[in-house]
Amino acid sequence: MIEILQQIINGLAIGGVYVLIALGLTIVFGILGIAHFAHGSVSMFGGYLTFFLVAQQGLPLTLAIAIALVVGMVLGVLIELLAYRPVRNANHINAFIVALGLTMMVEGFNLQFFGAEQVVIPTGATRVFNFGGLTLPELRLYVILGAAALIVAMTIFVEKTKTGQAIRAVAENRDAAILMGINVQMIPMIVFAISTALGVAAGVMVGSLFAIAPGVGEGLVVKGFAVLILGGLGSIPGAVVGGIVLGVTEALAAGFISSAYKDVIAFVVMIGVLLFRPQGLMGRA
Amino acid sequence: MTGKIFLKGSVAGLAALMMSGAAMAADEVLTIGVADALTGGAAVYGLPQANAVQMAADEINQAGGIKVGDDTYSLDVVVYDDKANPTEATNAVRKLIDRDGVKYILGFCCSGATGAVASFIEYEDAVMLVGNAAERSITTREIGNLVRTRPPADYTGAAAGAFVAQQGHKRVAVLGALEISFYASYVEAFEREFTKGGGEVIAHEVFASKDRDMSPQLTKIREMEPDALLVVGYVEPAAFAYRQSVELGMDIPRYGFTSGSEEQFLRVASSEQMEGVWDLRPTELTLQSTGETGLAYHKNYSERFGIAPSPSSPYAYDQAWALKHAIEAAGTADDTEAVAAALRDLEIPSEAVMQYLPVNGKMFDENGQAYTANGAFQWQDGHWVYVQELPSDPEAYSAFLSTLD
């Protein structure tokens, strides 16, 4: 029993990262219909930037994260304005190609400016908490709490604020939103700013828990889309549930079956869910 | 005024004379190639090797180059990134041979890529000098134009198994990159000797080279309550395994086979998380286990590249010096067969950094394999400390290697 609970704790931290990645993807996809493949690379950029600010510029970690989040939001706005807006009314394949090109550009940028070696963001959080045989490393606790706080903040923003309502309105019916006086030119920029900030937060978590290196972002975005499908396309609660299910499933699979098939087993679970609920766990039929 | 002009003219003339003298002393350029992992997960081994070859080449040039009859060769190094990938390595070596006309290829940190090149190198007019790649089969194929400076993994694994059994452990759990054959062969030899010593390996948990979260496997191992943990794999995943074992509250002796430097481990884990970890590996470069050449190598490398050399990087440095002496002994830089034969007949060069154990008085045995002693290193207060030599019998292993296909 202890082992199962420990594996669940192990899976919650990585599940939290998946949730943040998937949330960023799902709001972009749900509102703009764009499969934003560059999201993983942008997340890694956020992690690299935080590492650069902490390890090479000597900034405190919290300040470095705050700067990275702001830079991420600006980057998100620029991506929307310069990359996706020009092809918004074109065929979907154009946005798809832009997304792929953007991925290569951001990966190349990361490689050029931050190098090919893996980096680990130093946090100094090395304490370990024990609860009746269960251990919870301080860093994983921060990641779980950080992810939970961002999920709650995101939910409150979308559900309770006027901007959030406007975002939902655009997602529901763009034409009706225009008639209601919503500035639909502004909404995509806000969505990309939020999405990229969430991605940056995920990048920081990956970079401190594990490591950032070329190629890590691509793997992360694949997992993010898997969560999207598992939870239901465009569904915020679906991204939360899907991310946690995927993270915990991976940990249980690695612990009880084989780590060699960790990814395969996670995707088998995803396919299994979709067989019974094609719309995903929380998607609307 | 006239005096100044005369002085200037004299200085210029002297400089010209010196330059022409230098040109005469190094009137040929011998291009050597390096194929190694400069990017990706294996760059922790490959990049220091590439640096080491470059440094050795510069030192050879500064020391007067390679003397062959009346000719003196200076070395020029061409480096390609093989990403530790068999296809990339094949392409890199093909470019070196076919496009750059290179006859001597050094580097080779990693077994998969090295094995791919070894499969065709015997048909080429070239000599391949393998460094850190530890897969045994590389020197069991009777490839006449291939030599390797690092001993095979199982040569070290057997010594490690005997050592861990001597520590009194009975139940050891293994966590490692066991899908990579040379790590598997290390564990196989470890297990054979450990079992002989009365122990049992109770778990064989696997991680992939790209994995960074080993907590599920470690949780499973923790539940089995082993006496000790053995971690085998590349530095980065191994460092995460050590860090996460502490995070899971595993208070048991930890042994490993990684050959990572202090800096490489400290990028991932704190010194406290590493405290007490053993690395059971060939007696590679550490300040406690090296002689004067090793100390000089460490100093020169650190000054030149701004970072301490990785423990395994001298395998490549020694390749360059072995090649220099072999070419001089063969009396030719063009006849690769003669140079390959001279390598097998070479005594250990005085410039070698690793402390090789000769077989029949030679650096390489008839299989082209060199041997170092094996050692037990322990992490103490932020440093790898050389604790003791592990039992090593290169003559017996060489005889065993000769029996394999």
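Rules behind the numbers
Residue positions are given per chain, counted from 1 along the sequence in the order it is written. All chains are assigned letters beginning with A, and all ligands numbers beginning with 1, in the order in which they are written. Per-residue local features are limited, in this predicted model, to residues with pLDDT of at least 70; the limit for side-chain atom pairs, both in listing and counting, is 80 or more; totals at the level of whole chains, interfaces and linings are taken over all residues. Side-chain figures throughout are based on the complete set of non-hydrogen atoms in the structure, without hydrogens or water. Between any two strands, pairing holds if DSSP finds at least two bridges. Helix and strand labels come from DSSP, where a helix needs a run of H or I of at least four residues and a strand needs a run of E of at least two; each type is numbered from the N terminus. Structural elements are reduced to axes, namely lines fitted to C-alpha atoms, with helices fitted over the stretch in contact, and the angle between N-to-C directions of any two is expressed from 0 to 180 degrees. Contacts are assigned to residue pairs with any non-hydrogen atoms lying within 4.5 Å of each other. Cavities and pockets are found on a 1 Å grid laid over the protein atoms alone: a cavity is a set of points where a 1.4 Å probe fits but cannot escape, a pocket is an open set with protein on both sides within 12 Å along at least five of seven lines, and a lining residue has an atom within 4 Å of such a point. Grid points are joined across faces, edges and corners, and a volume is the space filled by probe spheres set on the points. Residue ranges assigned to the domains are those given by an automatic or database domain assignment. Buried area is a sum: the accessible area each of two parts loses on coming together, probed at 1.4 Å, counted once for each and added. A pairing counts as a salt bridge when a side-chain nitrogen of Lys or Arg comes within 4 Å of a carboxyl oxygen of Asp or Glu. In protein, a polar contact requires one atom able to donate a hydrogen and another able to accept it; more generally it is a pair of N or O atoms within 3.5 Å, and residues adjacent in sequence count only if both atoms are side-chain atoms. UniProt positions are given in the numbering used here, feature names are shortened, and annotations may be inferred rather than shown by experiment. Each residue carries a pLDDT score, the predictor's confidence in it, ranging from 0 to 100. Under the scheme applied here, a residue whose accessible area is under 20% of the maximum for its type counts as buried, over 50% as exposed, and between as partly exposed, the area being computed with a 1.4 Å probe on protein chains only. Relative orientations are named as follows: roughly parallel for angles under 35 degrees, roughly antiparallel for angles over 145 degrees, roughly perpendicular for angles from 65 to 115 degrees, and oblique for any other angle. Crossings are sorted by hand: turned counterclockwise from the far helix by less than a right angle, the near helix makes the crossing left-handed, and turned clockwise it makes it right-handed. Each residue is assigned to one of three groups, with Ala, Val, Leu, Ile, Met, Phe, Trp, Tyr, Cys and Pro labelled nonpolar, Asp, Glu, Lys and Arg labelled charged, and all others, Gly among them, labelled polar.

## A look at the sheet that holds strand S7 (residues 171-176) of chain B
Residues and elements named next belong to chain B. Spatial ordering of the open sheet is given by S8-S7-S9-S10-S11-S12-S13, a layout of seven strands whose pairing is mixed. The open sheet terminates on both sides in strands that have one partner only, identified here as strand S8 (200-206) and strand S13 (383-390). With strand direction ignored, the average angle separating the axes of adjacent strands in the sheet is 25 degrees. Two elements, strand S11 (residues 278-282) and strand S12 (residues 374-380), share five bridges in a ladder whose sense is antiparallel. Residue Asp 279 lies in a different strand from S12, and its bridge partner there is Phe 377. In the packing of helix H5 (residues 153-166) onto the sheet, contacts are made with S7, strand S10 (254-257), S11, S12 and S13, and the angle to S11 comes to roughly 140 degrees.

## As for the layout of surface pockets
Considered as a void within the structure, the largest pocket measures approximately 1200 Å³ in volume. If you go around the largest pocket, you meet 40 residues; those closest to its centre are Gly215(A), Val216(A), Lys210(B), Asp211(B) and Arg212(B). Looking at the lining of the largest pocket, the elements with two or more residues in it are helix H1 (2-32), helix H9 (216-231), helix H10 (236-256) and helix H11 (262-276) of chain A together with helix H2 (43-62) of chain B. Counting residues per element, the lining of the largest pocket draws most heavily on H9(A), at five residues.

## As for unusual backbone geometry
Of note, Ala84(B) is a non-glycine position whose phi angle comes to about 60 degrees, a positive value. Tracing the backbone through its elements, the reader meets Ala84(B) in the loop between strand S3 (71-81) and helix H3 (86-99).

## Concerning the domain arrangement of chain B
How big an interface is tends to be stated in terms of accessible area lost as the parts join. Residue and element names in this part refer to chain B. Segmentation of chain B into domains returns domain 1 (28-152 + 289-372) and domain 2 (154-286 + 375-402). Just the C-alpha atoms count here: the centres of domain 1 and domain 2 sit 27 Å apart. With 39 residues of domain 1 at the contact, the number on the domain 2 side is 34 residues. Buried area between domain 1 and domain 2, summed over both chains or domains, comes out near 3000 Å², and the portion from carbon and sulfur atoms is 57%. Where domain 1 touches domain 2, the interface holds one salt bridge. Asp 154 is the salt-bridge partner of Arg 136, the closest N and O atoms lying 2.6 Å from each other. The tally of links from domain 1 across to domain 2 stands at 13 residue pairs in polar contact (both at pLDDT 80 or more).

## Some points on the UniProt feature "transmembrane region" (unreviewed entry) in chain A
All names here are of chain A. Residues given the UniProt feature "transmembrane region" (unreviewed entry) here are residues 12-38, 58-83, 95-114, 139-158, 190-213, 225-248 and 260-277. Spanning residues 139-158, this segment combines 100% helix with 0% strand, and its end C-alpha atoms are found 28 Å apart. With 83% helix and 0% strand, the stretch residues 225-248 has end C-alpha atoms that lie 17 Å from each other.

## Quick word on the confidence of the model for chain A
Residues at a pLDDT of 70 or more form 99% of chain A, whose mean pLDDT is 90. When mean pLDDT is taken per element in chain A, helix H3 (residues 61-84) of chain A scores highest with 96 and H11(A) scores lowest with 82.

## Focus: the side chain of Glu250(A)
Residue and element names in this part refer to chain A. Structurally, Glu 250 is set in helix H10. Among the residues examined, Glu 250 registers a relative accessible area of 4% and is labelled buried. For Glu 250, the contacting residues outside a window of four places in its chain are Tyr 18, Lys 223, Lys 262, Asp 263 and Ala 266.

## Remarks on the interface of chain A and chain B
Contacts between the two partners involve 27 residues from chain A, matched on the other side by 28 residues from chain B. When chain A packs against chain B, close to 2100 Å² is buried across both sides, 48% of that on carbon and sulfur atoms. Where chain A touches chain B, the interface holds one salt bridge. Our count for the contact surface shared by chain A and chain B stands at eleven residue pairs in polar contact (both at pLDDT 80 or more). No other element matches the five residues that H1(A) contributes to the side of chain A that touches chain B.

## Looking at the packing of H1(A) against helix H7 (residues 215-223) of chain B
Across the interface, H1(A) lies against H7(B) with an axial gap of 10 Å and an inter-helix angle of 165 degrees. Here H1(A) lies roughly antiparallel to H7(B), going by the angle between them. Here H1(A) and H7(B) pass one another in a crossing that is right-handed. On H7(B), the residues that touch Ile2(A), Glu3(A), Gln6(A), Gln7(A) and Asn10(A) of H1(A) are Ser215(B), Pro216(B), Thr219(B), Lys220(B), Arg222(B) and Glu223(B). Looking at the contact of H1(A) with H7(B) residue by residue, the classes come out as two nonpolar, five polar and four charged.

## Section: the sheet that holds strand S5 (residues 127-130) of chain B
All names here are of chain B. Reading across from one edge, S2-S3-S1-S4-S5-S6 is the order of the six strands in this open sheet, with mixed pairing throughout. Every interior strand has two partners, whereas the edge strands, strand S2 (66-68) and strand S6 (146-148), have only one. Averaged over neighbouring strand pairs, the angle between their axes works out to 30 degrees when direction is ignored. Judged from the nine bridges that link them, strand S1 (residues 28-36) and S3 form a sheet pairing that is parallel. Counted as the bridge partner of Thr 31 is Asp 76 from S3. Here helix H4 (residues 111-121) sits on the sheet in contact with S5 and S6, set at roughly 155 degrees to S5. Of the strands in this sheet, S1, S2, strand S4 (104-107) and S5 touch helix H12 (residues 314-330), which is tilted by about 155 degrees from S4.

## Focus on the pattern of salt bridges
Residues and elements named next belong to chain B. According to the stated counting rule, one finds 22 salt bridges over all chains in the structure shown. For Lys 220, the salt bridge identified is with Glu 205, shortest N-O distance 3.1 Å. Taken together, the positions of Lys 220 in helix H7 and Glu 205 in strand S8 put the pair 15 residues apart, joining distant regions of the chain. Linking Lys 299 and Glu 303 is a salt bridge whose minimum nitrogen-to-oxygen distance equals 3.3 Å. Of the two residues, Lys 299 and Glu 303 are both situated in helix H11 (residues 292-305); the distance of four residues between them amounts to about one turn of the helix. For the pair shown, Lys 299 and Glu 303 are each scored as exposed.

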